[in-house]
Protein chains: 2
Amino acid sequence: MGVLIFVCLFLKAISSCQASGTDIALDAKATLLHRIDSLNLLIYTCLLTLTVLTIWVFKHRRVSWLHETGLAVIYGLIVGAIIRYAGSTNQITHIDVHPAPDTNYNLSVPPDVLRFYFPDKIKISGGDAPVPNKTYAYSFRGEIVNIEQNEIDLKATFDPEIFFNIILPPIIFHAGYCLKRKYFFRNLGAILTFAMVGTALSALVIGALMYGCVQLMPASLAASFTFLDTLYFGALISPTDPLTVLAIFSQLKVDVNLYAMIFGESVLNDAVALVLSGAIQNYEKRYSNDGGFEITAFLGAIGDFIGIFSLSLLVGAFIGCLTALMTKFTHVRDWPLLESALFVLTSYAAFLIAEVCELTGVVAVLFCGICQAHYTYNNLSSDSRNRTKQLFELLNFLAENFIFTYIGVSMFTFPKHHFDPWFIIAGFITSALGRAVNIYPLSFLLNLGRKPPIPMNFQHMLFFSGLRGAMSFALAIRNTVSEARQAMLTTTSLIVIATVVLQGGAATHALAYLRIPTGQGQNDENEALPYRDVRSPPEMGFGLRNLDSTQQTSCDRERGSGEGVSGEKARLARLWGAVDSRLLKPLLTHARPPLTETLPAFMSPLARILTTTHQYTQGDSSLRRADSDSDLCIDEPHPVPTSIDPQQLWPGLVDTRISVEGITGSNI
Amino acid sequence: MGVLIFVCLFLKAISSCQASGTDIALDAKATLLHRIDSLNLLIYTCLLTLTVLTIWVFKHRRVSWLHETGLAVIYGLIVGAIIRYAGSTNQITHIDVHPAPDTNYNLSVPPDVLRFYFPDKIKISGGDAPVPNKTYAYSFRGEIVNIEQNEIDLKATFDPEIFFNIILPPIIFHAGYCLKRKYFFRNLGAILTFAMVGTALSALVIGALMYGCVQLMPASLAASFTFLDTLYFGALISPTDPLTVLAIFSQLKVDVNLYAMIFGESVLNDAVALVLSGAIQNYEKRYSNDGGFEITAFLGAIGDFIGIFSLSLLVGAFIGCLTALMTKFTHVRDWPLLESALFVLTSYAAFLIAEVCELTGVVAVLFCGICQAHYTYNNLSSDSRNRTKQLFELLNFLAENFIFTYIGVSMFTFPKHHFDPWFIIAGFITSALGRAVNIYPLSFLLNLGRKPPIPMNFQHMLFFSGLRGAMSFALAIRNTVSEARQAMLTTTSLIVIATVVLQGGAATHALAYLRIPTGQGQNDENEALPYRDVRSPPEMGFGLRNLDSTQQTSCDRERGSGEGVSGEKARLARLWGAVDSRLLKPLLTHARPPLTETLPAFMSPLARILTTTHQYTQGDSSLRRADSDSDLCIDEPHPVPTSIDPQQLWPGLVDTRISVEGITGSNI
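Residues numbered from 1 in each chain as written. Chains lettered and ligands numbered in written order. Predicted model: local features only at pLDDT ≥ 70, side-chain atom pairs only at ≥ 80, totals over all residues. Heavy atoms only, no water.

Draft legend 1. Quick look at the packing of aromatic side chains. Per the counting criterion, the structure on display carries 36 aromatic pairs over all chains. Aromatic pair Y44 of chain B and F402 of chain B: ring centres 5.3 Å apart, planes at 65 degrees, arrangement edge-to-face. Of this pair, Y44 of chain B sits in helix α2 (residues 21-60) while F402 of chain B is found in helix α14 (residues 382-413), placing the two residues 358 residues apart along the sequence. One exposure class covers both Y44 of chain B and F402 of chain B, and it is buried. Taken together, the ring pairs connect F173, Y177, F343, Y377 and F392 of chain A into an aromatic cluster. One Lys or Arg, R485 of chain A, reaches over the ring of Y232 of chain A and ends 4.5 Å from the middle of that ring. (Phe/Tyr/Trp six-rings, centres within 6.5 Å; stacked < 30°, edge-to-face > 60°. Helix = DSSP H or I, 4+ residues; strand = E, 2+ residues; numbered from the N terminus. Buried < 20%, exposed > 50% of the residue type's maximum accessible area, 1.4 Å probe, protein only. Lys NZ or Arg CZ within 6 Å of the ring centre and 35° of its normal.)

And the structure:
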């Protein structure tokens, strides 16, 4: 009965249906846009799948002349060219508009939104569809430089914001989370010198040389570049990318100190370059405000640099410690899913908080990652340890391959490229010179005070491993409003592609040519087993670690290689070690000795509050271990056999994207 | 020396620096927009963190009157209200524009891009900054209904596309990947009836009743709704959300058949509703094209529905099987990171391929998930099994909490709400009626042919568990161009919030009131240990599984509950079982018997090609197991003790978002 009534109602109603023609056309347009979005994502998904499969084939056949980042770039280039020249089916309609006569607008910036009454003074060739009388909003998109190119705007490109807010944070966090702290801190002086002083010096040299080059070029180009523009270019092209070289290093078991220097420098100089470019932009603003007094603005920019870097560092470290406290004093570890979610969310919050406060999220998330590894990791349940490591490893892998694929594709499809041969040639030469100025003079200075000096072949290798990567590209694509910025983007993309494909492919030969010692960790395989046993002692159950050699996570790979390097710790590092093991570790983790033993007597009420039952009830073995754990290693919270040096338990985690590389050695 | 020259160059150059005022202002604006983006993300990150912590407190204190989805919604509402009423610091500038006099535009759709020459006929109160002479592009955003509301447009809202392309796929994939296949297939008839027939019936009833109600309302409202609009509303409000109810079911160990019916129905009806709403939209288009012949269009819509659903299913299943083949015939399992990446990428590709082909990605990704669990999972290395399960569990948890938080926040901040009390009241009443029409008549019909009939209290519980959730909201927010659609969004949001908070909170009491048997899996804890031993036999090493009870993954939770239910498999299911175990499993996985034994003799050359060495060399125990594995369970590829029924090894994975719920029982 009821069904019949409905059918009648349905048929009656359907005949009275009068959907507006424009609404339907808009729906159709929205559907089309959705399909284009999906197609874009699909292109990258398929490219990544293809890259993964090819990486497998290359690994299987032990191809070494092309690395996987190079592979991703090349696939990207091919597909980008196909998209570009395969012809567009997607037409973008546009009209020119003028403001309404009675407009009262008095800013020097174009408005955010245009309100367009449609149809208005347009002759619509009507008849087939009713014409709407509606007002539509249009939002600001950017400057139109070349009107013809506008139609490929929608092809396989993404909002640059995505790189900064979605793609970079997991990469940088993973670098911090898997930092091999032991060798990092042993080479801290060199790393900081190269990363802080060297990057600034390199940016200045590249900026100045480029400004000189630009002045020698045809007048039209020279006019569009200011010195700040070229300095900005210097800042964005200075950071080096660790991926390719380190993957090869890891495979060939290169000297751990060289590895630590290259990894540490490239992690830190990403952060430095980002802060530096921000300071240059701020200088631009400040300069334009007060007109002529440059020195103040210049000092202001230096102040900005130092202030933003250290504040960002503090934000990241604070969030890391906060997470450690949350995981220590709550029982959230009883629900590993909640715990993992909390870990991921707070780590991402560190990035976002810094960005919201106009600091540098990348620096914050890097140091947050270091703190999470150093403190929070000890409080996590073994399920969460495993899950967070595997999660970030996978995210890092996907994000990095995505970014390199995108560099390739966008070379053809991004509409805001500006090819200028002189600028490109100058960019290649000056970026190599900038790297040389970073490495050789600073190595000379460092060798004056450094016990085991940095040998010449290491210096050459440091120079050679100056590939440019994700951070340079992300900075270049962030702002492409002016012609100068577009020329920078093009040059940066080309430098990234060339260095990754050519230098990355030649890295193995460079190692051999420079006679860098490889295969240091030959005893790695032999030593591996006892460590593994220690890591999963019987009282932990069968949990967490996968001892099958094919299933080792990459973080495990670096243990034990080059244990013989003698310590050369700075006094500062030793002081920090004392603070860390006597105050921070007992406060933030369940490590022994508890605060009740390390703090002075008058603070014992506070110390008792901040010490967990777990800390009191731990066995003596962990007490002993924590005592000797002053070289900044993560200690395992489980008792270990006494015959094994606790320092070797968890010297830190180094991971390059290519965990799979590490496995190659033990598996084939 | 060189440094000095650079400093001189620097100082000289800096004084010649003349950045354009507008460029700097645009940079500043871009920075501001970036900060607002970051702030939006930060708000949700903090809300999710807060939700996670509160969930922990609730679990710790065993609070049952408010569930975590309700919690997420309530936090969202509070923060949304704060954002809304705390006052805006962000001003959006806008001007009205007219087309240029010589425009030649003849479409009935507004153009995609406006080109705006700035400054043009605007009096700029100049002097402090140079005025640019540039053309800017503005892209289409949407209709302006209420000009005053436009300024909160930027507050804590996201592009609806994000829900469909980023948030939904992992949720739906996880549902398919962790489907408890055994009970799902036992109740397949009821599930399909409720999901396919019931959802369509419910949509039709709600649509017709709403159309009647709208006709009784004030004329202004009645005019803006067509019957297709109300039918679309019926389609989008019909799908039910499993999360809250199933979390409680899982905690209380409710009857497995009821569980399977509710889970299966809610997973499938999401897909059905999506296809249905697409068919209604297509009908709209077709109708508007040929003017009057309704029956053709109506039949076309039904054809669309069936065609899109089955094609999407095929796409998903095909990609799932393709992944199985890739993991079977390559040795990518030697590199677990590559393997996991491949798994994630192909699964997402299934969604995107369907979307690009104008099919329904949700249906594709659901069936892709089922195939991945059924075939590919068996080929994966144990590291990848663990990693993919944990990854999707975490993604699912975050995505679901995000969507419920967003529903709460957007109630206040989304600018396109249209509160119409009559429509809202009618929406609440008809959505309850629609659910009743779905359950009671269909249960009556099903009971005519069903061996153990669905008892009355189960029917009441099925009715009661008709919470609305993510899919309804995602469909409603997808198109908010017209006033009718905006009223639908508001009503849908309110229905989701009310059902999740109130019905979700009352579910425990409803179970008690209806005397639904709970605690079925009481022997779960006792049975759990032997299964665990089986899952991690000694020859696997210490790998994969975390046997500490706190670290069980949620997928493990459901094993063993209610094993006593007798089979009532349809003949079709048995046929499928035979095809599956004799053809598909041997083809797609390493399972025994190999194709060489199951295929007819004349196909043996082909069969030999498609059989791996691994399949030949497996022990007899796996042969026996595969034979008895006809009830569609995933079989473990490792030999098992003979005393344990192979069917119990891996009856399938059920997971609700609340894996942590499952752990509660064994842990507190």
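Draft legend 2. A look at the pattern of salt bridges. In the structure shown here, the tally under the stated rule is 10 salt bridges over all chains. The partner of E265 of chain A in a salt bridge is R435 of chain A, with the nearest N and O atoms 2.9 Å apart. Of the two residues, E265 of chain A is situated in helix α10 (residues 256-290) and R435 of chain A in helix α15 (residues 421-449); the sequence distance between them amounts to 170 residues. By the burial criterion, E265 of chain A is buried, and R435 of chain A matches it. Shared partners join several salt bridges into a network, and the residues in it are D383 and R387 of chain A together with E393 of chain B. (Salt bridge = Lys/Arg side-chain N within 4 Å of Asp/Glu carboxyl O.)

Draft legend 3. Spotlight on the state of the cysteines. Residue and element names in this part refer to chain A. In the structure shown here, the tally under the stated rule is 0 disulfides over all chains. Note on C371: no disulfide assigned, nearest cysteine sulfur contributed by C321 at a separation of 4.6 Å. Its relative accessible area of 12% is what places C371 among the buried residues. (Disulfide = S-S within 2.5 Å.)

Draft legend 4. Summary view of the nonpolar core. Within the largest apolar cluster, 297 residues are counted, with the highest numbers of intra-cluster contacts made by F249 of chain A together with F249 of chain B. Setting aside residues up to four positions removed in sequence, F249 of chain A forms contacts with V254, L258, Y259, I262, M461 and L511 of chain A. Ranked by size, the runner-up nonpolar core spans 12 residues in total, among them I95 and Y136 of chain A together with I95 and Y138 of chain B. (Core = buried A, V, L, I, M, F, W, Y, C linked by side-chain atoms within 4.5 Å. Contact = heavy atoms within 4.5 Å.)

Draft legend 5. Region of interest: the packing of helix α12 (residues 336-356) of chain B against α14 of chain B. Residue and element names in this part refer to chain B. Relative orientation of the contacting elements α12 and α14 amounts to 45 degrees, with a least axis distance of 9 Å. Regarding the angle of α12 to α14, the classification is oblique. α14 is crossed by α12, and the crossing has right-handed handedness. For the pair α12 and α14, contact is made by P336, L337, E339, S340, F343 and V344 and by D383, S384, R387, T388, L391 and F392, respectively. (Axes fitted to C-alpha atoms, helices over the stretch in contact; angles between N-to-C directions. Parallel < 35°, antiparallel > 145°, perpendicular 65-115°, else oblique. Left-handed = near helix turned anticlockwise from the far one by under 90°.)

Draft legend 6. Molecular detail of the packing of helix α8 (residues 227-237) of chain B against helix α18 (residues 483-513) of chain B. All names here are of chain B. Where α8 contacts α18, the two axes come as close as 11 Å, and the packing angle between them is 25 degrees. Considered as vectors, α8 and α18 are oriented roughly parallel to each other. The crossing of α8 and α18 is right-handed. Residues D229, T230, Y232, F233, L236 and I237 of α8 form the contact with α18, whose own contacting residues are A484, R485, M488, T491, T492 and I495.

Draft legend 7. Structural detail: the environment of F397 of chain B. Residues and elements named next belong to chain B. With respect to the helices and strands, the residue F397 is situated in helix α14. Look at F397 and you get buried, because its relative accessible area is 1%. Sequence separation of F397 and H174 is 223 residues, and the distance between their C-alpha atoms is 9.9 Å.

Draft legend 8. Spotlight on a nonpolar patch on the surface. On the surface, a cluster of nonpolar side chains totalling about 430 Å² of accessible area is made up of I295, F298, L299, I302 and I306 of chain A. With respect to the secondary-structure elements, I302 of chain A resides in helix α11 (residues 294-329). (Patch = residues over 30% accessible without salt bridge, like charges linked within 9 Å, V, L, I, M, F, W, Y side chains within 5 Å. Areas by Shrake-Rupley, 256 points an atom, 1.4 Å probe, with all protein chains shown as cover.)

Draft legend 9. Inspection of the confidence of the model for chain A at higher detail. Residue and element names in this part refer to chain A. Of the residues in chain A, 70% have a pLDDT of 70 or more, and the chain-wide mean is 72. Mean pLDDT in chain A bottoms out at helix α19 (residues 524-535), which sits at 29, and peaks at helix α12 (residues 336-356), which reaches 91. Note that residues 125-130 has pLDDT below 50 and, in this model, 4 contacts with residues that lie over four places away or in other chains. In this model, residues 521-569 is a region of pLDDT below 50 whose contacts with residues beyond four sequence positions or in other chains number 118 contacts. Interface predicted TM-score (ipTM) for the complex: 0.77; the corresponding pTM is 0.78. (pLDDT = per-residue confidence, 0-100.)

Draft legend 10. Seen up close, the environment of F414 of chain A. Tracing the sequence through the fold places F414 of chain A in the loop between α14 (382-413) and α15. In this structure, the C-alpha to C-alpha distance between F414 of chain A and M326 of chain A, residues 88 residues apart in sequence, is 44 Å.

Draft legend 11. Local environment of α12 of chain A. All names here are of chain A. For α12, which comprises 21 residues, the first-to-last C-alpha distance of 30 Å matches the rise-based estimate of 30 Å (1.5 Å per residue) to within 8%. Counting buried positions over the 21 residues of α12 gives 19, a clear majority of the element. One or two positions beyond α12, positive phi appears at E358, with a value near 60 degrees. (Expected span 1.5 Å × (residues − 1).)

Draft legend 12. Broad picture of unusual backbone geometry. All names here are of chain A. In the Ramachandran plot, E358 falls in the positive-phi region, its phi being about 60 degrees despite a non-glycine side chain. Locating E358 in the fold gives a position in the loop between α12 and α13 (361-379). Residues other than glycine seldom take positive phi values, yet R515 does so here, at roughly 55 degrees.

Draft legend 13. The arrangement of the environment of I171 of chain B in detail. Residue and element names in this part refer to chain B. Inspection of the secondary structure assignment puts I171 in helix α4 (residues 160-177). Residue classification places I171 among the buried residues on the basis of a relative accessible area of 11%. In this view, I171 contacts N396, A399 and E400; residues no more than four positions away in its chain are not counted.

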